[in-house]
Amino acid sequence: MYFLAGIQANNEGKLLTFEPNSVWAKLAQKNLSQISNRFDLTVGTFEKKIDSVLQQGETIDMAFIDAIHTKEFVIPQLDIVVARSSKKAIIILDDINFSDNMKECWNYVSADRRFSSSVTLGDRVGILELK
């Protein structure tokens, strides 16, 4: 909702959000609709639905990855985001210290040469800037 509020305040951009759980999707739809109509909520997983949602030529400028908190899930999602992102895109990863596996994931991606910088915000969030 905070991201959508920023998009609305800027009067530019669109939030794409993916929810595999239809009950949670209805709740998200209701809550997001109270902020703005500048969003596209897709029922389904990001991996399976991004190609049908992101139009040809469109790119991602900022992404928030809050996936199943394991390296095995996060890395493939990150690769999809990177492939569809604009230069200098910002990618935010949630719960980077959730487990030893996520700590390993963050250590791996924060050193990835595809990114010009990486920073941790507190002990929970990691932020990457794409080259």
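This write-up is about the structure you can find in this document. Worth saying up front: this structure is predicted, and the values here are computed from it rather than measured. (Residues numbered from 1 in each chain as written. Predicted model: local features only at pLDDT ≥ 70, side-chain atom pairs only at ≥ 80, totals over all residues. Heavy atoms only, no water.)

**Digging into the overall build of the protein**
Argument step 1. Assigned secondary structure in the protein consists of five helices and six strands.
Argument step 2. When the helices and strands of the protein are listed from N to C terminus, the series reads α-β-α-β-α-β-α-β-α-β-β.
Argument step 3. For the protein, the C-alpha radius of gyration of 15 Å lies close to 14 Å, the compact-globule estimate for 131 residues.
Argument step 4. Out of the 131 residues belonging to the protein, those deemed buried represent 36%.
Argument step 5. Taking as baseline every contact in the protein between residues at least 6 positions apart, the subset at least 24 positions apart corresponds to 64%.
Argument step 6. Counting only carbon and sulfur atoms, one obtains 52% of the accessible surface of the protein, whose full area is about 8,300 Å². (Helix = DSSP H or I, 4+ residues; strand = E, 2+ residues; numbered from the N terminus. Rg over C-alpha atoms; globule rule 2.2 N^0.38 Å. Buried < 20%, exposed > 50% of the residue type's maximum accessible area, 1.4 Å probe, protein only. Contact = heavy atoms within 4.5 Å. Areas by Shrake-Rupley, 256 points an atom, 1.4 Å probe, with all protein chains shown as cover.)

**Some points on unusual backbone geometry**
Argument step 1. Of note in the backbone geometry, Asn-11 takes a positive phi value of approximately 55° without being a glycine.
Argument step 2. Mapped onto the elements of the fold, Asn-11 is located in the loop between α1 (2-10) and β1 (15-19).
Argument step 3. Residue Asn-11 is classed as exposed on the basis of its relative accessible area of 56%.
Argument step 4. Phi at Asp-95 is positive, roughly 60°, even though this residue is not glycine.
Argument step 5. Of note, Asp-95 is situated in the loop between β4 (85-93) and α5 (100-110).

**Observations concerning the environment of Ala-63**
Argument step 1. Position of Ala-63 among the secondary structure elements: in strand β3 (residues 60-65).
Argument step 2. Classification of Ala-63 as buried rests on a relative accessible area of 11%.
Argument step 3. C-alpha of Ala-63 to C-alpha of Gly-6: the two residues are 57 residues apart in sequence and 14 Å apart in space.
Argument step 4. Residues contacting Ala-63, with those up to four places away along its chain left out, are Val-81, Ile-90, Ile-91 and Ile-92.

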